[in-house]
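Examination of the molecular architecture
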Amino acid sequence: MDEKELQLFRELQKENVWWQTNSVPANLARDFKRSDYFVYKELLDNNKINVIIGPRRVGKSTIIYQLIQYLTKEKKVPSKRILFLSLERPFFEITKNPITESIKVYEENILKESIHSSKESIYLFIDEASRNSEWAVTLKQFFDLKYNMKYFVSGSSSPALYQKSSESLVGRKNDVLMLPLKFRDVLRFKYPIIEKNLQIGTGQLREKIKDAMNNNNPKVFYELLLKLYTTINPSIETDLHVALNEYLLRGGYPEFYDVHATWEESSRIMREAYFEAIISYDILKVFGTRNPENLKKLYIILALNTADIINMSNIKRDLGNISRTALDDYFYQLQETHLISTSLLYKKSRRKIGNELKKVYIHDTGMRNAVLGISEQDIKQPDLLGALAESVAHNHLRRLKFCIEPDKKNELFFWRDAYKRELDVILELRGKIIPIEIKFQETIRSEDIKVLKATLKKFNSPFGILLTKKSFQLKDNIISVPLWLFLLVC
């Protein structure tokens, strides 16, 4: 072994401590397991290259360590048959072919047999694969040679991962999107006592909303919601309102719930470190953005106007009269790095859906509040709470659509009638339309549901949904339900 190989071997030993201990350190494979973990665990035995795509700091590395711990402790996979590479480590930046060179050193010194002839599975985990632009080509070669390997790869965005290899893995990969923690995951993470009091699972609730939609009968969904609601005592309901308000402030990034850091401390780190890293690496390097300051400014403009219909002409002016092409590119870059999502005006014909009129939502309210320097006192403003509540609802509804129709785009729309009155969300599922209005307020007036009623009739919808602070009833085929309760469905 020459000096360079020896140095690489030492780096691999540091990264793969389970080769010596047969266990992953507790600070890496944390006890809390988000709901996605149980999905990823089932992918370990498939015959594709599994690619976890998600924003920075969302927990991709933690999931990988938890899967490695599962393999060693529960599946009893010999620890030396598991290789982990984190390509963001400085050492790999000076390694010409980090994957192939690491595999060579691993074969000779740890596995002590050829991967080509191995009869037992070898598990290869690559974290932040986009740091090496040849990763996909390399894994394609391994895959096509039919090595007995199982693959798990992570990266921060699709363009970053596939910038030089968009076609290398066609038919060979399985992309999985990991987003910040949803509300129910945060309850499990931060408020386990509350979660234990929720006696009906998300899966059951989703099945009932499908039944209600298929049979044009909202009562079956409403009755299960009511059953869940009545099993929750008043003190737990109060705790749920508190938890939701905290979620509107902190969003779904796990570190925002670190018990050792205040909101001010954790939000400053997110603002000054990770947001800057997203701009400087994930966007600047991958997309070649010439003016990152404009991109930051655009994010701030959109963050201030989350859940609003935006005026593209005004934004172009605010950014120094940039071209429409440049503005569209900025939007694409923010979407691909999971910082924003958009909603277009609904039309029955997809060909007639334009790109001119759009609502924009910040993907995670915690990231938004951190970047804008929002304090715990600021969050109490009713208008701000309403915009954040709609942003959270929109994010969770996209997840719900994906879970029910994973083979379709998880896009949502909004609606405007002839009088330019707006309905917040059009959820299209299996050819049917569910109109949804968000009114995060104490009292619901008759005028608050006029557009919802009209949309329900126009599209002959099986039912509509009104998301509120407290109101809970089924009337005129509209289910009024507290936001915290509906988020448990998603």
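Note that the structure is a prediction, hence the values are computed from the model and not measured.

About the cut-offs
Residues numbered from 1 in each chain as written. Predicted model: local features only at pLDDT ≥ 70, side-chain atom pairs only at ≥ 80, totals over all residues. Heavy atoms only, no water. Helix = DSSP H or I, 4+ residues; strand = E, 2+ residues; numbered from the N terminus. Expected span 1.5 Å × (residues − 1). Buried < 20%, exposed > 50% of the residue type's maximum accessible area, 1.4 Å probe, protein only. Pairing = 2+ DSSP bridges. Axes fitted to C-alpha atoms, helices over the stretch in contact; angles between N-to-C directions. Contact = heavy atoms within 4.5 Å. Salt bridge = Lys/Arg side-chain N within 4 Å of Asp/Glu carboxyl O. Parallel < 35°, antiparallel > 145°, perpendicular 65-115°, else oblique. Left-handed = near helix turned anticlockwise from the far one by under 90°. Nonpolar A, V, L, I, M, F, W, Y, C, P; charged D, E, K, R; others polar.

Right, let's get into helix α19 (residues 382-404). Here α19 contains 23 residues, and its C-alpha end-to-end distance of 32 Å stays within 8% of the 33 Å for a straight helix at 1.5 Å per residue. Among the 23 residues of α19, 18 are classified as buried, and the element is accordingly described as predominantly covered.

Take the sheet that holds strand β10 (residues 422-429) next. Taking strand neighbours across the sheet as the criterion, the nine strands line up as β6-β8-β7-β9-β10-β11-β12-β14-β13 in an open arrangement whose pairing is mixed. Two strands bound the open sheet, and with one partner strand each, they are β6 (308-310) and β13 (473-475). Direction aside, neighbouring strands of the sheet carry axes that sit 35 degrees apart on average. Looking at chain direction, β10 and strand β11 (residues 432-439) are connected through five bridges and run antiparallel. Bridging across to β11, Leu429 finds its partner in Lys432. On the sheet, helix α12 (residues 218-230) packs against β13 and β14 (478-482) and is oriented at approximately 20 degrees with respect to β14. Of the strands in this sheet, β6, β7 (340-345) and β8 (358-362) touch helix α15 (residues 292-304), which is tilted by about 100 degrees from β8.

Backbone geometry places Lys420, a non-glycine residue, at a positive phi of 65 degrees. Structurally, Lys420 can be placed in the loop between β9 (413-416) and β10. The backbone of Arg430 shows a phi angle near 50 degrees, a positive value even though the residue is not glycine. The topology assignment puts Arg430 in the loop between β10 and β11. Arg430 gets classed as partly exposed once you look at its relative accessible area, which sits at 43%.

Right, let's get into the pattern of salt bridges. Pairing between side chains becomes possible if they bear opposite charge and their charged atoms approach one another. On inspection of all chains with the given rule, the structure shows 35 salt bridges. Its salt-bridge partner being Lys140, residue Asp144 comes within 2.9 Å of it at the nearest N-O pair. Taken together, the residues span about one helical turn, with Asp144 and Lys140 both in helix α7 (residues 135-144) at a distance of four residues. Judged by relative accessible area, which is 36%, Asp144 ranks as partly exposed. Given the relative accessible area of 27%, Lys140 is considered partly exposed. With a closest N to O distance of 2.6 Å, Lys359 and Glu390 form a salt bridge. Placement of Lys359 in strand β8 and of Glu390 in helix α19 is noted, with a sequence separation of 31 residues between them. On the basis of relative accessibility, which here comes to 0%, the residue Lys359 falls in the buried class. Several salt bridges share partner residues, and in doing so they unite Lys359, Glu390, Glu422 and Asp424 into one network.

The axes of two packed helices give the description: the angle between them and the distance between them. Where helix α9 (residues 183-190) contacts helix α13 (residues 234-250), the axes come no closer than 11 Å and their chain directions differ by 110 degrees. Regarding the angle of α9 to α13, the classification is roughly perpendicular. In terms of crossing hand, the pair formed by α9 and α13 is right-handed. Contacts between α9 and α13 pair Phe183, Val186, Leu187 and Lys190 from the former with Leu240, Ala243, Leu244, Glu246 and Tyr247 from the latter. Of the residues belonging to the contact of α9 with α13, the class tally is seven nonpolar, no polar and two charged.

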